[in-house]
Amino acid sequence: MITLLLIRHGIAEDFQRGQRDEDRALTPEGWSRTRSGMQGLVARGYLPDLGICSPYRRAAETLVCLKESTPHGFPSETCGLLLPEGKPLEVEFWLRGILEEVPDGRTVALVSHQPFLSSLVFQLTGHRVDFKKASCSILHWRQQAFEFALHLTPSELRNHP
């Protein structure tokens, strides 16, 4: 079994005239809450072996928060398919290819956006999830099938044991 962490980016700056959406950064509150949430995810035993994020700045910064929360970090990369308007079916085919190369027992984190993440979870599992900022859905990949395991809200992640 492979564990898949689907994470929505943290609180980002409001859109400013003349600014590209992909350049919006996490706010100071976004950094703080996302760091706390990612520490909670790691405290629950979810330590990624690989992280993949959208090329948008706020997704990359969220992945940084997750990397900082782990004892040894992990390799990471960006993927242009993980955009807010991403196509879930296309990402499913790409993801299946990625997971075929990942050894059993590993954890892969994807950091992306809404409405894409909700659509992806539904595509993969038939489960409906409302992703708040810095929340995480946990799926399992078993023998060519995705299974919904758990969704953790931002407050559940921040209030870790």
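These remarks concern the structure in this document. Small disclaimer: the values here were computed from a predicted structure and weren't measured.

### Examining the pattern of salt bridges
Link 1 in the chain: Summed over all chains, the structure comprises ten salt bridges.
Link 2 in the chain: Note that R20 is salt-bridged to E22, the shortest N-O span being 3.4 Å.
Link 3 in the chain: The exposure class of R20 is partly exposed, given its relative accessible area of 48%.
Link 4 in the chain: The salt bridge involving D23 is made with R20; its shortest N-O contact spans 3.0 Å.
Link 5 in the chain: With a relative accessible area of 31%, D23 lands in the partly exposed category.
Link 6 in the chain: Each member of the salt-bridge network shares a partner with another, and the members are R20, E22 and D23.

### Some points on the nonpolar core
Link 1 in the chain: Formed by 24 residues in total, the largest nonpolar core has its most connected members in L6, V108 and L110.
Link 2 in the chain: Every element with two or more residues in this core is listed here: β1 (2-8), β2 (50-53), α3 (88-100), β4 (107-112), α4 (116-125) and β5 (136-142).
Link 3 in the chain: With five residues, the top contributor of residues to this core is α4.
Link 4 in the chain: Setting aside anything within four residues of it in sequence, one finds V108 in contact with I2, T3, L4, L5, L50, I52, L99 and V102.
Link 5 in the chain: Counting residues in hydrophobic clusters, the runner-up holds 19 residues, among them L5, V42, A59 and A109.

### Some words on the environment of A149
Link 1 in the chain: When you line up the elements, A149 lands in strand β6 (residues 145-152).
Link 2 in the chain: Judged by relative accessible area, A149 falls into the partly exposed class, the value being 37%.
Link 3 in the chain: A sequence separation of 46 residues divides A149 from P103, and the C-alpha atoms of the two residues are 19 Å apart.
Link 4 in the chain: With residues up to four places along the chain from it excluded, the contact list for A149 reads I138, L139 and H140.

### Some words on helix α2 (residues 57-69)
Link 1 in the chain: Between its terminal C-alpha atoms α2 stretches 19 Å, which fits the 18 Å expected from 13 residues at 1.5 Å a residue.
Link 2 in the chain: Contact partners of the buried residues in α2: β1, α1 (28-43), β2, β3 (76-78) and β4.

### Re the pairing of β6
Link 1 in the chain: The sheet contact formed by β5 and β6 spans seven bridges and is antiparallel. Note on β6: the bridge partner recorded for C136 is L152.

### What to know about the side chain of S69
Link 1 in the chain: The topology assignment puts S69 in helix α2.
Link 2 in the chain: Looking at S69, its side chain comes within polar contact range of the main-chain nitrogen of Q39, at 3.4 Å.
Link 3 in the chain: In this view, S69 contacts R35, M38, Q39 and V42; residues no more than four positions away in its chain are not counted.

About the cut-offs
Residues numbered from 1 in each chain as written. Predicted model: local features only at pLDDT ≥ 70, side-chain atom pairs only at ≥ 80, totals over all residues. Heavy atoms only, no water. Salt bridge = Lys/Arg side-chain N within 4 Å of Asp/Glu carboxyl O. Buried < 20%, exposed > 50% of the residue type's maximum accessible area, 1.4 Å probe, protein only. Core = buried A, V, L, I, M, F, W, Y, C linked by side-chain atoms within 4.5 Å. Helix = DSSP H or I, 4+ residues; strand = E, 2+ residues; numbered from the N terminus. Contact = heavy atoms within 4.5 Å. Expected span 1.5 Å × (residues − 1). Pairing = 2+ DSSP bridges. Polar contact = N/O pair within 3.5 Å; in protein donor to acceptor, adjacent residues only side chain to side chain.

The values are spatial; any link to function lies outside them.
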